[in-house]
Amino acid sequence: MAEPLLHVAGLSKRFGGFVALENIDFAVAEGERVGLIGPNGSGKSTLVNCICGTLTNETGSVRFNGETVDGLITHERTRRGLARSFQLPRPFVTLTVAQNLRVPLLYTVNARPGPSLSAADIDVRCAELLRLVALDGKADKYPRDLTQVEMRKLELARAMAAEPKLLLADEAMAGLSQSEVDDIVGLLIRLNERGITIVLIEHIMRAVMKFSQRLVVLVSGRKIADGKPDAVIRDPEVEKAYLGQ
Amino acid sequence: MRTWVFFLICVAVGAVVFALARLIQNDYVFYAGYVVLQFIVLATAWNILGGYTGYVNFGSAAFFAAGAYTSVFFHKFYPLPIPVLIVLGAIVSGLIGLGMGYLTLRLRGAFFAIATLALAVVLQTLIVNWNYVGGARGAYVIRPESVPLIGNYINYLFLIMLALAVIAITIARAIERSQLGYGFATIRDDELAAEASGVPTLKLKLVATTLSGALMGMAGAPFPYYIGYLQPASAFALDYAVNSIAMPMIGGTSSWIGPLIGAILVATLQQWATVSISSELSLLIVGLLLVAFVIIAPNGIVGLVQDRLRRGKAK
């Protein structure tokens, strides 16, 4: 079998005496749609941060696209094709929506080997991305003029602008209404169909079940389940973690 | 507008300013004008780090003084023409900026500001104890009476500072419209998101501290020739640190024109107050203006005008 796109092996992370992640093994194959769930404080976001290089893990290693990325800083990992969106949208507030998307195009896509995009190419690319997330009318608005769901879309579009191989979407839907959730799930599935591997970190089970081909469950920093979504949610240990005994 | 077109326009404006100053035929215009121009350079330089990347530097005086003392050193060691000294001052202050950036840029907000303040104190202590450049006594720098072609030496100094102002403003504007400008803005807005978008934040911050420091050093290099007698207290004066923060804040930190407006406004007001009321009053003016602007127009004059325009359009 070919090497998975992302391979996390034996990863641990502590904050002082608190063990946030303990010996996590986690692999994602190319083209897969994986859901990562777990109760609050189970270490989902910490895992994302370790994979992206925002936090450094004490033990274990992260391999991405056939290369060990331990020790690389975040922007170097982004340039290798590992993009993320943030749990709470973190737009560049003094830049317009279109300018927000230009940043990864200039600093990630153009930093990769090969011919770089011209100014005109970048404009075209921005317009495409905005259409993809249905923000075409808002190109010249500032993030403060956007609604919550538009902000989430901008967050995803900015991650997409970096042309990633793998997208880690950290709670892209928290606090959205049902129809908005469906909207974003549809968007993520469309992105996946374009060949992007996606890991969705989410609380909203309806969205996770609709989206995921495989489900991974973290509880208190340990991975307790990994498999087909239907099977995983019937797992007694998972039920116990979510519903109590 | 292309950068070189803008540069040519700046040169033309500079030439007009110089011609007008010559027309008045009063040396005081040059003495006062030199100070105003010097603050345009300092404010623009401060804004590259403080306005574009959002890192507040309280140590402007250190970079300015490093440039000035580089000139004093060479004046004694091996006299060189001022344009060469400016380049040397830029190199020295640029390196100090690079070093400071490397040591302190993992700090954010107030912590970074305090570290820059500490840098100024450390550098001043070094200079005070360095006898060769005059130590605590200070050093005399005798300037020539006149310069060929231009005439009176103060005219020459004024012209040099005018050129530096043109260079500083052109650089600042070019940055704003470049990839570097986007990178700086993302650092100001959200460093974590910037890194996630592929922006090498540490590298860009070092570019900003180096460039900002170098421009401040350039502004400092001709200073010993202007003042004639340089002592640590005047090179490291509080005025430089306070003014180079206050002027961009009053003018507006988001674009090159803010520090320009702020510096012209505040420095001219200070020059006027120094002559007509008292020199002590000039810092008080800055203080009051700063307080007023923080309350009334937190985005400076440029922000105020932009808001007006936007509201006008909305109606």
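A brief report on the enclosed structure follows. (Residues numbered from 1 in each chain as written. Chains lettered and ligands numbered in written order. Predicted model: local features only at pLDDT ≥ 70, side-chain atom pairs only at ≥ 80, totals over all residues.)

**Focus on the overall build of chain B**
Move 1: The secondary structure content of chain B amounts to 15 helices and four strands.
Move 2: The C-alpha atoms of chain B give 19 Å as radius of gyration, which agrees with the globular expectation for 315 residues (20 Å, within 12%).
Move 3: Dimensions of chain B, computed from the C-alpha atoms along their principal axes, are close to 55 × 45 × 40 Å.
Move 4: Within chain B, the proportion of its 315 residues that are buried is 49%. (Helix = DSSP H or I, 4+ residues; strand = E, 2+ residues; numbered from the N terminus. Rg over C-alpha atoms; globule rule 2.2 N^0.38 Å. Buried ≥ 20, exposed ≤ 12 C-beta atoms within 10 Å, placed from the backbone.)

**Some points on the overall build of chain A**
Move 1: The helix and strand tally for chain A stands at nine helices and 10 strands.
Move 2: The C-alpha radius of gyration of chain A comes to 18 Å, within 12% of the 18 Å expected for a compact globule of 245 residues.
Move 3: Dimensions of chain A along its principal axes, counting C-alpha atoms only, are 55 × 40 × 40 Å.
Move 4: Counting only residues that meet the buried cut, chain A has 42% of its 245 residues in that class.
Move 5: Counting contacts in chain A only where the partners sit at least 6 residues apart, residues at least 24 apart contribute 65% of the total. (Contact = placed C-beta atoms within 7 Å.)

**Some thoughts on helix α5 (residues 148-161) of chain A**
Residues and elements named next belong to chain A.
Move 1: A rise of 1.5 Å per residue sets the reference length of α5, with its 14 residues, at 20 Å; its end C-alpha atoms lie 20 Å apart and thus fit the reference within 8%.
Move 2: In terms of burial, α5 is a largely internal element, 10 of the 14 residues being buried.
Move 3: Residues of α5 that are buried: R152, K153, L154, E155, L156, A157, R158, A159, M160 and A161.
Move 4: In this fold, the buried residues of α5 make contact with β6 (82-85), α3 (97-109), α4 (119-132), β7 (166-170) and α6 (178-193).
Move 5: Within two residues after α5, E163 carries a phi angle of roughly 50°, on the positive side. (Expected span 1.5 Å × (residues − 1).)

**Quick word on the interface of chain B and chain A**
Move 1: Every contact between the two is made by 16 residues of chain B and, on the other side, 24 residues of chain A.
Move 2: Of all elements in the fold, only α7 (179-189) and α8 (191-196) of chain B reach the threshold of two or more residues within the side of chain B that touches chain A.
Move 3: Looking at which element gives the most residues to the side of chain B that touches chain A, the answer is α7(B), with seven residues.
Move 4: When its residues are assigned to classes, the side of chain B that touches chain A shows seven nonpolar, five polar and four charged. (Nonpolar A, V, L, I, M, F, W, Y, C, P; charged D, E, K, R; others polar.)

**Here's the deal with the nonpolar core**
Move 1: Core analysis: the biggest nonpolar cluster contains 160 residues, and A:A157, B:V41, B:L42, B:F64, B:A65 and B:A165 have the highest contact counts within it.
Move 2: For this core, the element with the highest residue contribution is helix α6 (residues 153-176) of chain B, accounting for 15 residues.
Move 3: Residues within four places of B:A65 in sequence aside, it is in contact with B:L123, B:I127, B:G220, B:A235 and B:F236. (Core = buried A, V, L, I, M, F, W, Y, C linked by C-beta atoms within 7 Å.)

**Quick notes on the sheet that holds strand β1 (residues 6-15) of chain A**
Residue and element names in this part refer to chain A.
Move 1: Here four strands make up an open sheet; going across it, the order is β2-β1-β4-β5 and the pairing antiparallel. Two strands close off the open sheet at either side, each with one partner strand: β2 (18-28) and β5 (67-68).
Move 2: Looking at chain direction, β1 and strand β4 (residues 59-64) are connected through five bridges and run antiparallel. Residue pairing for β4: A9 is matched across the bridge by S61.
Move 3: Packed onto the sheet, helix α1 (residues 44-52) meets β1, β2 and β4 and runs at close to 65° relative to β2. (Pairing = 2+ DSSP bridges. Axes fitted to C-alpha atoms, helices over the stretch in contact; angles between N-to-C directions.)

**Description of α6(B)**
Move 1: Counted at 1.5 Å a residue, the expected span for α6(B) with its 24 residues is 34 Å, and the 35 Å between its end C-alpha atoms agrees.
Move 2: For α6(B), the tally of buried residues reaches 17 of 24 residues, placing the bulk of the element in the interior.

**Here we look at the packing of α4(A) against α5(A)**
Residues and elements named next belong to chain A.
Move 1: Taken N-terminus to C-terminus, the directions of α4 and α5 make an angle of 140°; their axes are 10 Å apart at the nearest point. Judged on the interaxial angle alone, α5 and α4 are oblique. For the element pair α4 and α5, the recorded crossing hand is right-handed. Seen from α4, the contacting residues are L129, L130 and L132; seen from α5, they are A157, M160 and A161.
Move 2: Its residues assigned to classes, the contact of α4 with α5 shows six nonpolar, no polar and no charged. (Parallel < 35°, antiparallel > 145°, perpendicular 65-115°, else oblique. Left-handed = near helix turned anticlockwise from the far one by under 90°.)

**Observations concerning unusual backbone geometry**
Peptide bonds are trans in most cases, and residues, glycine excluded, mostly fall at negative phi.
Move 1: Positive phi, normally seen in glycine, also occurs at A:N23, with a value near 50°.
Move 2: Within the secondary structure layout, A:N23 lies in strand β2.
Move 3: Of the residues examined, A:N23 has 14 C-beta atoms within 10 Å and is grouped as partly exposed.
Move 4: Phi angles above zero are rare outside glycine, and B:L149 is one such case at about 75°.
Move 5: As for its placement among the helices and strands, B:L149 is situated in the loop between β2 (146-147) and β3 (151-152).

**Structural notes on the pairing of β7(A)**
Looking along a regular strand, one sees the side chains alternate between the two faces of the sheet.
All names here are of chain A.
Move 1: For β7, the tally of buried residues reaches five of five residues, placing the bulk of the element in the interior.
Move 2: A two-sided burial pattern is seen for β7, the buried positions comprising L166, L168 and D170 on one face and L167 and A169 on the other.
Move 3: Strand direction decides the pairing type here: β7 and strand β8 (residues 197-201), joined by five bridges, are parallel. Looking at β8, one finds that L166 is bridged to T197.

**Overview of the environment of B:G97**
Residue and element names in this part refer to chain B.
Move 1: Position of G97 among the secondary structure elements: in helix α4 (residues 82-104).
Move 2: A tally of 31 C-beta atoms within 10 Å means that G97 is categorised as buried.
Move 3: For G97 and I154, which are 57 residues apart along the polypeptide, the C-alpha to C-alpha distance reads 29 Å.
Move 4: Here G97 is in contact with F63, T209, T210, S212, G213 and A214, once residues within four sequence places are set aside.

**Brief notes about the sheet that holds β8(A)**
Residues and elements named next belong to chain A.
Move 1: With mixed pairing, the six strands of this open sheet are ordered in space as β6-β7-β8-β3-β9-β10. Of all strands in the sheet, those bounded by a partner on one side alone are β6 and β10 (222-227). If you compare each strand with its neighbour and ignore which way they point, the axes differ by 15° on average.
Move 2: Against the sheet, α6 contacts β3 (33-37), β7 and β8, and its axis sits at roughly 155° relative to β8.
Move 3: Running over the sheet, helix α9 (residues 236-243) touches β9 (214-219) and β10 and is turned about 125° from β10.

**A few points about the environment of B:A292**
All names here are of chain B.
Move 1: Here A292 is to be found in helix α14 (residues 281-296).
Move 2: Residue A292 is classed as exposed on the basis of its C-beta count, with 11 C-beta atoms lying within 10 Å.
Move 3: Through-space distance from the C-alpha of A292 to that of I250 is 9.1 Å; in sequence the pair is 42 residues apart.

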